[in-house]
Amino acid sequence: MSRRLYPHNRVRYWYAYELEEICSLFSDKGLHIQTVRTWINRGGLKTIDAGKPALVYGQHLINYLKRHNSKGKSVTQFHEFFCLKCRDARPVHQNRVKLEIRKGFLKACGYCRSCKKLMFKNYKRGDYSLIKQTFRVVAILELYDCAAHTDRTQIQDQESGPLSESGQGDLFHV
């Protein structure tokens, strides 16, 4: 099971939370109260005091969640992709990438130099010239990638035929 990421922007900085309140903040993520107790027992999350009920300052919870969410993340350089099999940032095999133009970004895919598995990385559209300088762009795929053009469809052929005054006459032959 993959590690869950908990967004820290739901937590109020100057607020003191009980453990149940922390769980209710992240109920959509399925945070269990025993998980919060484990965070406290391991020493990562500080409580206000040793009293009951256990209270946690919002600022401590925010700092803990930032550390928790950033743990295990890999920073990649511009010319590197993250390989899921190698679990590390790797350069692309022969610097060859395929680009797919998406709505607000470019999706690049290439193969890992070590294990030859497919890797993906997203770039901004403004980085296209830098991508062309860094990689050998093999193909550029559009969203509407198709072999047949729309100017020769049946709809066009029907419209170019003879026009009748009434559409009902075509439907009912009397």
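Everything here concerns the structure above.
Residues numbered from 1 in each chain as written. Predicted model: local features only at pLDDT ≥ 70, side-chain atom pairs only at ≥ 80, totals over all residues. Heavy atoms only, no water.

Caption draft 1: Up close: the nonpolar core. Membership of the largest hydrophobic core comes to 17 residues, with the highest contact counts inside it found for Ile22, Leu31, Val36, Trp39, Leu61 and Leu65. Breaking this core down by element, the ones donating at least two residues are helix H1 (19-25), helix H2 (33-41) and helix H3 (58-70). Considering each element in turn, this core owes the most residues, 4 residues, to H3. Apart from residues lying up to four places away in sequence, Val36 is in contact with Leu19, Ile22, Cys23, Leu31 and Leu45. Core analysis: the second largest hydrophobic core is formed by 13 residues, Phe81, Cys83, Met119 and Phe135 among them. (Core = buried A, V, L, I, M, F, W, Y, C linked by side-chain atoms within 4.5 Å. Buried < 20%, exposed > 50% of the residue type's maximum accessible area, 1.4 Å probe, protein only. Helix = DSSP H or I, 4+ residues; strand = E, 2+ residues; numbered from the N terminus. Contact = heavy atoms within 4.5 Å.)

Caption draft 2: Unusual backbone geometry, seen in detail. Residue Lys52 is joined to Pro53 through a cis peptide bond whose omega torsion reads -5°. If you trace the backbone, Pro53 turns up in the loop between H2 and strand S2 (55-57). A positive phi angle, close to 65°, is found at Lys116, a residue other than glycine. Here Lys116 lies in the loop between strand S6 (105-111) and strand S7 (118-124).

Caption draft 3: View of the sheet that holds S7. With mixed pairing, the 4 strands of this open sheet are ordered in space as S7-S6-S5-S8. The open sheet is flanked by S7 and strand S8 (136-141), the only strands paired with a single partner. Across the sheet, the mean angle separating the axes of adjacent strands is 25° when strand polarity is ignored. Bridge analysis of S6 against S7 gives 7 bridges, and the strand direction is antiparallel. From the neighbouring strand, Tyr111 faces S7, where its bridge partner is Leu118. (Pairing = 2+ DSSP bridges. Axes fitted to C-alpha atoms, helices over the stretch in contact; angles between N-to-C directions.)

Caption draft 4: A look at the packing of aromatic side chains. Taken as a whole and judged by the stated rule, the model has 8 aromatic pairs. Look at Tyr13 and Trp14: their rings are 4.9 Å apart centre to centre, the planes differ by 80°, and that puts the pair in the edge-to-face class. Between Phe78 and Tyr123, the aromatic rings sit 4.9 Å apart at their centres with planes inclined by 55°, giving tilted as the arrangement. Remark: Tyr123 occurs in strand S7 and Phe78 occurs in the loop between H3 and strand S3 (80-83); sequence separation between them is 45 residues. For Phe78, a relative accessible area of 25% puts it in the partly exposed group. Taken together, the ring pairs connect Tyr6, Phe26, Trp39 and Tyr64 into an aromatic cluster. For the cation-ring pair, Arg12 lies above Tyr15, with the distance from its terminal atom to the ring centre recorded as 4.5 Å. Lying over the aromatic face of Phe120, Lys107 brings its terminal NZ or CZ to 4.7 Å of the ring centre. (Phe/Tyr/Trp six-rings, centres within 6.5 Å; stacked < 30°, edge-to-face > 60°. Lys NZ or Arg CZ within 6 Å of the ring centre and 35° of its normal.)

Caption draft 5: How the structure looks around H3. Helix length check: H3, at 13 residues, gives a terminal C-alpha distance of 18 Å against a target of 18 Å (1.5 Å per residue), a fit within 8%. Regarding H3, the residues found buried are Gly58, Leu61, Ile62, Tyr64, Leu65, His68 and Asn69. End-on view of H3: buried residues confined to an arc of 165°, all on one side of the axis. Summarising the contacts, the buried residues of H3 are in contact with strand S1 (16-18), H1, H2 and S2. Directly after H3, the chain includes Gly72, whose backbone phi takes a positive value near 85°. (Expected span 1.5 Å × (residues − 1). Arc of directions from axis to C-beta.)

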